[in-house]
Amino acid sequence: MIDAVMFLAGAAAGGIDAESALAASPLSRRVAPPDIDAVLAAHAGFCAAGALEDVEPGLEAIPAAKQELAVAALSWLRRRLA
């Protein structure tokens, strides 16, 4: 389930409704919602931390992508917790 949540957080960055995709998965029905939220929060934090790292010239797209993933994961988590 960890991989699925992280994959769907990336899909959310691309505009896909991650919550609907997660709900359609039979695997997600066996996982408690707080556990999914915890994975999503950890993934968002990991991506946000990576977005703050210094990179060599020419690699600026890497922290930018990590920031985009962090924002998408946090947005999804915010909707789940509302």
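The structure under discussion appears in the preceding block.
This is a predicted model, so every value here is computed, not measured.

J.: Let's hear about the packing of helix 1 (residues 2–13) against helix 3 (residues 33–51): which residues, and what values?
T.: When two helices pack together, their arrangement is given by the angle between their axes and by how far apart the axes lie. Close contact between helix 1 and helix 3 brings their axes to 10 Å; oriented N to C, the two are set at 55°. By the angle class used here, helix 1 and helix 3 are oblique. The crossing of helix 1 and helix 3 is right-handed. Two secondary-structure elements touch here, helix 1 through Ile 2, Val 5, Met 6 and Ala 9 and helix 3 through Ile 36, Val 39, Leu 40 and His 43.

J.: Please provide a residue-by-residue account of the pattern of salt bridges, values included.
T.: All chains considered together, the criterion is met by 2 salt bridges. For Glu 19, the salt bridge identified is with Arg 80, shortest N-O distance 2.8 Å. One end of the pair, Glu 19, is in helix 2 (residues 18–23); the other, Arg 80, is in helix 4 (residues 61–81), with 61 residues separating them in the sequence. Here Arg 80 makes a salt bridge to Asp 37, at a shortest N to O gap of 2.4 Å. Of this pair, Arg 80 sits in helix 4 while Asp 37 is found in helix 3, placing the two residues 43 residues apart along the sequence. Per residue, the accessibility class of Arg 80 equals that of Asp 37, and both read buried.

J.: Just give me the short version of the nonpolar core, but keep the residues and values in it.
T.: Core analysis: the largest hydrophobic core is formed by 13 residues, its most contacted members being Leu 40 and Trp 76. For this core, the elements supplying multiple residues, two or more each, are helix 1, helix 2, helix 3 and helix 4.

J.: Mind laying out the environment of Glu 19, listing which residues take part and the relevant values?
T.: Classification of Glu 19 by relative accessible area gives partly exposed; the value is 32%. The sequence separation of Glu 19 and Arg 79 amounts to 60 residues, and the corresponding C-alpha distance is 9.2 Å. Contact partners of Glu 19, with chain neighbours within four places excluded, come to Trp 76 and Arg 80. Of note is the side chain of Glu 19, whose polar atom sits 2.6 Å from the side chain of Trp 76.

J.: I'd like a description of a nonpolar patch on the surface, backed by residues and values.
T.: A cluster of nonpolar side chains, contributed by Val 55, Leu 59 and Ile 62, occupies part of the molecular surface with about 230 Å² of accessible area. For Ile 62, the location among the structural elements is in helix 4. When its relative accessible area of 43% is taken as the criterion, Ile 62 is described as partly exposed.

Rules used throughout
Residues numbered from 1 in each chain as written. Predicted model: local features only at pLDDT ≥ 70, side-chain atom pairs only at ≥ 80, totals over all residues. Heavy atoms only, no water. Axes fitted to C-alpha atoms, helices over the stretch in contact; angles between N-to-C directions. Helix = DSSP H or I, 4+ residues; strand = E, 2+ residues; numbered from the N terminus. Parallel < 35°, antiparallel > 145°, perpendicular 65-115°, else oblique. Left-handed = near helix turned anticlockwise from the far one by under 90°. Contact = heavy atoms within 4.5 Å. Salt bridge = Lys/Arg side-chain N within 4 Å of Asp/Glu carboxyl O. Buried < 20%, exposed > 50% of the residue type's maximum accessible area, 1.4 Å probe, protein only. Core = buried A, V, L, I, M, F, W, Y, C linked by side-chain atoms within 4.5 Å. Polar contact = N/O pair within 3.5 Å; in protein donor to acceptor, adjacent residues only side chain to side chain. Patch = residues over 30% accessible without salt bridge, like charges linked within 9 Å, V, L, I, M, F, W, Y side chains within 5 Å. Areas by Shrake-Rupley, 256 points an atom, 1.4 Å probe, with all protein chains shown as cover.

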